Amino acid sequence: MNTSIPGPSVAVGPSAAPGPSVTVTGSGTVSAPPDRLHLRIEVEVRRPTAPHAYLRAADAASRVLDALDADQMPPLKRSTRQIGLRAEIVWADNQEQRVSGYVASQELAVTIDDPSSASAVLDAVVHAGGDDVRINSLAFGFSDPAARARLAQEAAWQDARERALQWAQLAGCTLGEVEEVTEGGGTAPAPVARHAVLAADQSMPIEPGEAEVVSTVTVRWRIVPPE
């Protein structure tokens with residue numbers, strides 16, 4: 001895990017409260033390889049009739065779920081997110097609309113606690129679902145984002161305090177009590193060049209990279225002029 005602190009913005013001057021103050025914005029970033037993977041997998045079937053499409057989609061979804069439940073699969077969590085059934089409409093010149101078929105679908109959310117097994121999971125899903133399977137999205141994350149957020153907050157606070165001390169000393173003052181604290185922050189993925197994760201020669205390579213948790217804090221300190 002790497003912790004970096006980018007340079008903050010700094011403002012020095014009197015506040016609305018009596019007495020001089022110094023206001024700084026500190027920033028802290030915690031970077032680490034993600035240890036969780038979120039997948040959105042969908043089965044989608046087109047057939048001439050609604051019942052036919054619905055039953056085929058149910059069959060495809062069952063095959064995908066069976067593949068995810070296989071003994072060789074890593075521990076994972078899955079849930080149905082959406083089921084759809086709609087008519088496909090064709091419009092022709094100088095003619096009324098016509099139903100050309102029906103599309104049935106089901107979307108699954110899959111969470112994997114071991115990103116290195118992502119290729120094996122995707123292989124199993126694609127082989128089980130065949131032409132009816134779709135991979136809608138893939139996102140990496142942390143199993144305990146709160147712990148990394150705390151580290152980023154601590155780094156941001158330390159950064160703010162060090163800069164406030166520096167400005168106070170340059171002004172010939174000492175740092176007093178904290179008057180105001182404003183927090184900000186967020187999480188953003190940041191791909192980094194790493195070896196691809198491969199389950200087998202024919203597997204799709206998956207690149208976890210790194211993810212970042214960023215925290216910023218703006219703090220106003222009272223500064224005490226020399227007597």
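What comes next concerns the included structure. Being a predicted model, the structure only gives us computed values, none of them experimental. (Residues numbered from 1 in each chain as written. Predicted model: local features only at pLDDT ≥ 70, side-chain atom pairs only at ≥ 80, totals over all residues. Heavy atoms only, no water.)

1. Some remarks on the side chain of R36
You can see R36 is positioned in strand β4 (residues 36-47). Note on R36: relative accessible area 19%, which makes it buried. Side chain to side chain, R36 and D113 meet in a polar contact 3.0 Å long. Ignoring sequence-local partners within four residues, the contact set of R36 consists of K77, T111, I112, D113, P115, A139, F140, G141, F142 and S143. (Helix = DSSP H or I, 4+ residues; strand = E, 2+ residues; numbered from the N terminus. Buried < 20%, exposed > 50% of the residue type's maximum accessible area, 1.4 Å probe, protein only. Polar contact = N/O pair within 3.5 Å; in protein donor to acceptor, adjacent residues only side chain to side chain. Contact = heavy atoms within 4.5 Å.)

2. Notes on the sheet that holds strand β6 (residues 98-112)
An order of β5-β6-β4-β7 is seen for the 4 strands of this open sheet, with the pairing classed as antiparallel. Here the strands that pair on one side only, and so sit at the sheet edges, are β5 (76-90) and β7 (133-141). Geometrically, the sheet is characterised by an average inter-axis angle of 15° between neighbouring strands, direction not taken into account. Here β4 runs beside β6; their pairing, made up of 11 bridges, is antiparallel. Residue R40 lies in a different strand from β6, and its bridge partner there is A109. Contacting β4, β6 and β7, helix α2 (residues 118-129) runs over the sheet at an angle of about 165° to β7. (Pairing = 2+ DSSP bridges. Axes fitted to C-alpha atoms, helices over the stretch in contact; angles between N-to-C directions.)

3. Remarks on the packing of helix α1 (residues 50-68) against α2
Orientation of α1 relative to α2, taken along the N-to-C sense of each, is 150°, at an axis distance of 8 Å. In terms of axis orientation, α1 runs roughly antiparallel to α2. Relative to α2, the crossing made by α1 is right-handed. Note on element contacts: α2 touches α1 through V121, A124, V125, A128 and G129, opposite R63, V64, A67 and L68. Classifying every residue of the contact of α1 with α2 gives 7 nonpolar, 1 polar and 1 charged. (Parallel < 35°, antiparallel > 145°, perpendicular 65-115°, else oblique. Left-handed = near helix turned anticlockwise from the far one by under 90°. Nonpolar A, V, L, I, M, F, W, Y, C, P; charged D, E, K, R; others polar.)

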